[in-house]
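# Structure assessment
So the chains spell out like this:
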Amino acid sequence: MTEEVKVFRAWGSPFSYRVELALRLKGVAYEYIEEDLSNKSTLLLEYNPVHKKVPVLLHHGKPIAESLVILEYIEETWQENPILPKDPHERAVARFWSRFLDDKCSLALWMSCWTEGETQQNFMEQAKECLHLLEEELKGKKFFGGDSIGMVDIAASFIAHWLGVLEEMAGISLLDEEKYPNLCKWTEEFLKSDAVMECLPKRANLLASFQARKQAISATTASV
Amino acid sequence: MAEGENKGLVLLDFWVSPFGQRCRIALAEKGVEYEYREENLRDKSPLLLKSNPVHKKIPVLIDHGMPVCESLNIVQYIDEKWPDRAPLLPANPYARAQARFWADLVEKKVHPPSAFHLFVSCAAPGEAHFLRKFTYCIRFQMYESGTKLWKLKGEAQEEAKKEFIEIFKLLEGELGDKKYFGGETFGLVDIALVPFTAWFYSYEACANLSTEKEAPKLVSWAKRCRERESVSKSLPDPLKVYEFVCFLKKVYGIE
């Protein structure tokens, strides 16, 4: 029944995308509730009073927040197409890289595209180090999860889609094919999946939205 | 602290690290024997650098040569490796999700000064340089409220105190009248948070922040946790932690 599973999401958010992708990979039907992040609904604030953010997964009326926590819940609740390995050490490695993507990588990549000057240079250095580490981790594998898309791949979806758009908006290049051939191949493979493509926000729309945001920031000359 | 004979499990750690203490508590709860190795954070061992090449930080649990990094990751690994005793996470998926959520919150919001951050991140002493460099390395919206308590003065310190109290009140709200965060069973969230209670004395001494006054339920909860052997044997004496904080302040020329 579709009413059992709901996702509070925001169009364009790579974090809410993770949740939708995981559900689709497992063939779980769900309903989504679109949130306007500049005007959050009472329901969202009620279901995630601590962080007040998307995504929130609602299952049988019970809310779960934080995308990586939600992914673990999805894995434990629906056993089809596992996104985590069975072996405890391999699971620990998957969790490590998922956290790495969240804590270090996304920040460096994101900030590289929104800053300027020396600050930008610093972030770009960090971003390149992160990409290098991911490149090494991918060696000999089709996906981070091995032969099929797993939690780390889902966590890295930002790199497969959002990064290219941000690079274009910022006029910089980070994911260089010569330097990161494994990551570029991984992006190709990742984007071949139906589940991945079904709910990915359109590139042109993402670019337009980032460009509009950039213009708004320049207009107010706010520094990040 | 076993030396010599390789028991297959080695924990690379630093005595005052609350992150290392989480692992010690989890291992003790499961009654698992391991070798504890103290790292000199100013001169890290080749084993540490090889086992955690990405972050080069403690704690690292090495299980028959296979390293596991990041403290909460290690705790979950310990729980999954020895599922037959002292479960650290509840059985029900929704309750597990709640435990992970709150442990994640502790990770993001409660982050007192830990020696290795200072030794690794900071090339030169000086508060402003440290804070600037640090904000590059961490999430944009979060910062070490704990660090600010003993590093800053005046208005900035008051700001940090306010933030700290807010987080503790939030945690108290979640704890409620339960024995532990997970209810009757000591678990992941308790393990994530309890090591920071050894820093309460330092917060009081440096920032005049009385946790007894601001978060009495947490203080009672901390006392209950300390009644567990796994916790009392893993946590340092708060006075020793304070000595350490004073040492760091001297090294970095603060106050």
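What counts, and at which threshold
Residues numbered from 1 in each chain as written. Chains lettered and ligands numbered in written order. Predicted model: local features only at pLDDT ≥ 70, side-chain atom pairs only at ≥ 80, totals over all residues. Heavy atoms only, no water. Helix = DSSP H or I, 4+ residues; strand = E, 2+ residues; numbered from the N terminus. Rg over C-alpha atoms; globule rule 2.2 N^0.38 Å. Buried < 20%, exposed > 50% of the residue type's maximum accessible area, 1.4 Å probe, protein only. Contact = heavy atoms within 4.5 Å. Lys, Arg positive; Asp, Glu negative; His and termini not counted. Charge placed at Lys NZ, Arg CZ, Asp CG, Glu CD. Areas by Shrake-Rupley, 256 points an atom, 1.4 Å probe, with all protein chains shown as cover. Buried area = accessible area lost by both parts, 1.4 Å probe. Salt bridge = Lys/Arg side-chain N within 4 Å of Asp/Glu carboxyl O. Polar contact = N/O pair within 3.5 Å; in protein donor to acceptor, adjacent residues only side chain to side chain. Nonpolar A, V, L, I, M, F, W, Y, C, P; charged D, E, K, R; others polar. Pairing = 2+ DSSP bridges. Axes fitted to C-alpha atoms, helices over the stretch in contact; angles between N-to-C directions. Expected span 1.5 Å × (residues − 1). Bend = angle between axes of the 7 residues up to and from the residue. Core = buried A, V, L, I, M, F, W, Y, C linked by side-chain atoms within 4.5 Å. Parallel < 35°, antiparallel > 145°, perpendicular 65-115°, else oblique. Left-handed = near helix turned anticlockwise from the far one by under 90°. Domains from an automatic or database assignment.

When helices and strands are tallied, chain A shows ten helices and four strands. Reading chain A from its N end, one meets helices and strands in the order β-α-β-α-β-β-α-α-α-α-α-α-α-α. Here the C-alpha atoms of chain A give a radius of gyration of 18 Å, agreeing with the 17 Å that 2.2 N^0.38 yields for 224 residues. Of all 224 residues assigned to chain A, the portion counted as buried reaches 54%. Sequence-distant contacts in chain A: of pairs separated by 6 or more residues, those separated by 24 or more amount to 70%. Distance from the positive charge centre (25 side chains) to the negative charge centre (35 side chains) of chain A: 2 Å.

Let's shift gears to the overall build of chain B. Scanning chain B from terminus to terminus reveals 14 helices and four strands. Put simply, of all contacts in chain B between residues at least 6 apart along the chain, 71% involve residues at least 24 apart. Summed over its atoms, the accessible surface of chain B is roughly 11200 Å², and 54% of this surface lies on carbon and sulfur atoms.

Here we take up the interface of chain A and chain B. Listed as interface residues are 34 residues of chain A and, on the opposing side, 31 residues of chain B. A buried area of about 2900 Å², summed over both sides, lies between chain A and chain B, and 61% of it is on carbon and sulfur atoms. Summed over the three residues of chain A that lose the most area to chain B, namely Glu76(A), His89(A) and Phe96(A), the buried surface amounts to 20% of that side. Arg95(A) serves as the salt-bridge partner of Glu80(B), at 2.9 Å between the closest nitrogen and oxygen. At the junction of chain A with chain B, the criterion picks out eleven residue pairs in polar contact (both at pLDDT 80 or more). Of all the elements in the fold, those that place two or more residues in the side of chain A that touches chain B are β4 (62–65), α3 (67–77), α4 (88–114) and α5 (117–138) of chain A. The element best represented in the side of chain A that touches chain B is α4(A), accounting for 14 residues. When the residues that make up the side of chain A that touches chain B are grouped by side-chain class, the tally is 16 nonpolar, seven polar and eleven charged.

Further remarks concern the sheet that holds β4(A). All names here are of chain A. Spatial strand order, β2-β1-β3-β4: four strands in an open sheet with mixed pairing. Each edge of the open sheet is held by one strand with a lone partner, namely β2 (31–34) and β4. Strand after strand, the sheet turns through a mean of 20° between neighbouring axes, direction not considered. The sheet strands contacting helix α1 (residues 14–25) are β1 (5–9), β2 and β3 (56–59), and the helix crosses β1 at an angle near 155°.

Turning our attention to helix α7 (residues 157–170) of chain A. All names here are of chain A. Across its 14 residues, α7 extends 19 Å between first and last C-alpha, which sits within 8% of the 20 Å expected from 1.5 Å per residue. Maximum bend of α7: about 40°, positioned at Leu 163. Within α7, twelve of the 14 residues are buried, which leaves the element mostly enclosed by the surrounding structure. Listing the buried residues of α7 in full gives Ser 157, Phe 158, Ile 159, Ala 160, His 161, Trp 162, Leu 163, Val 165, Leu 166, Glu 167, Met 169 and Ala 170. Among the structural elements, α1, α4, α5, α6 (151–155), α8 (181–190) and α10 (203–220) are those in contact with the buried residues of α7. Gly 171 sits one or two residues past α7 and shows a positive phi near 70°.

Right, let's get into the nonpolar core. One finds Leu23(A), Leu57(A), Ile159(A), Trp186(A), Leu171(B) and Trp221(B) to be the most contacted residues of the largest nonpolar core, which totals 152 residues. Looking at which element gives the most residues to this core, the answer is α4(A), with eleven residues. The contacts of Leu57(A), once residues within four sequence positions are left out, are Val5(A), Lys6(A), Val7(A), Val19(A), Leu23(A), Lys62(A), Pro63(A), Ile64(A), Ile70(A), Tyr73(A) and Ile74(A).

A separate point is the packing of α3(A) against helix α4 (residues 93–109) of chain B. The N-to-C vectors of α3(A) and α4(B) enclose an angle of 160°; their axes lie 9 Å apart at closest approach. Taken as axis vectors, α3(A) and α4(B) run roughly antiparallel relative to one another. Handedness of the crossing formed by α3(A) with α4(B): right-handed. Contacts from Val69(A), Glu72(A), Tyr73(A), Glu76(A) and Thr77(A) in α3(A) reach Pro93(B), Tyr94(B), Arg96(B), Ala97(B), Arg100(B) and Phe101(B) in α4(B). Of the residues belonging to the contact of α3(A) with α4(B), the class tally is six nonpolar, one polar and four charged.

All names here are of chain A. Among the secondary structure elements, Ala 155 is positioned in helix α6. Each C-alpha atom, one on Ala 155 and one on Thr 115, is 23 Å from the other, the two residues being 40 residues apart in sequence. For Ala 155, the residues in contact, after removing those within four places along its chain, are Arg 18, Leu 68, Ser 98 and Leu 101.

Right, let's talk about the domain arrangement of chain A for a bit. Quite often, the size of an interface is put as the accessible area lost when its parts meet. Residue and element names in this part refer to chain A. If you check the domain split of chain A, you get domain 1 (5–77) and domain 2 (88–219). Averaged C-alpha coordinates put domain 1 and domain 2 at centres separated by 21 Å. Across the contact, 15 residues belong to domain 1 and 22 residues belong to domain 2. Considering only the surface of domain 1 that becomes buried against domain 2, Trp 11, Tyr 17 and Leu 68 emerge as the three largest contributors, covering 35% of it. Remark: the boundary between domain 1 and domain 2 carries three salt bridges. Between Glu 198 and Arg 24 there is a salt bridge, and its shortest N-O distance comes to 2.7 Å. Counting across the interface, domain 1 meets domain 2 through six residue pairs in polar contact (both at pLDDT 80 or more). When contributions to the side of domain 1 that touches domain 2 are tallied by element, the ones reaching two or more residues are α1 and α3. Per-element accounting of the side of domain 1 that touches domain 2 gives the leading share, nine residues, to α1. Here the residues of the side of domain 1 that touches domain 2 are counted per class, giving nine nonpolar, two polar and four charged.

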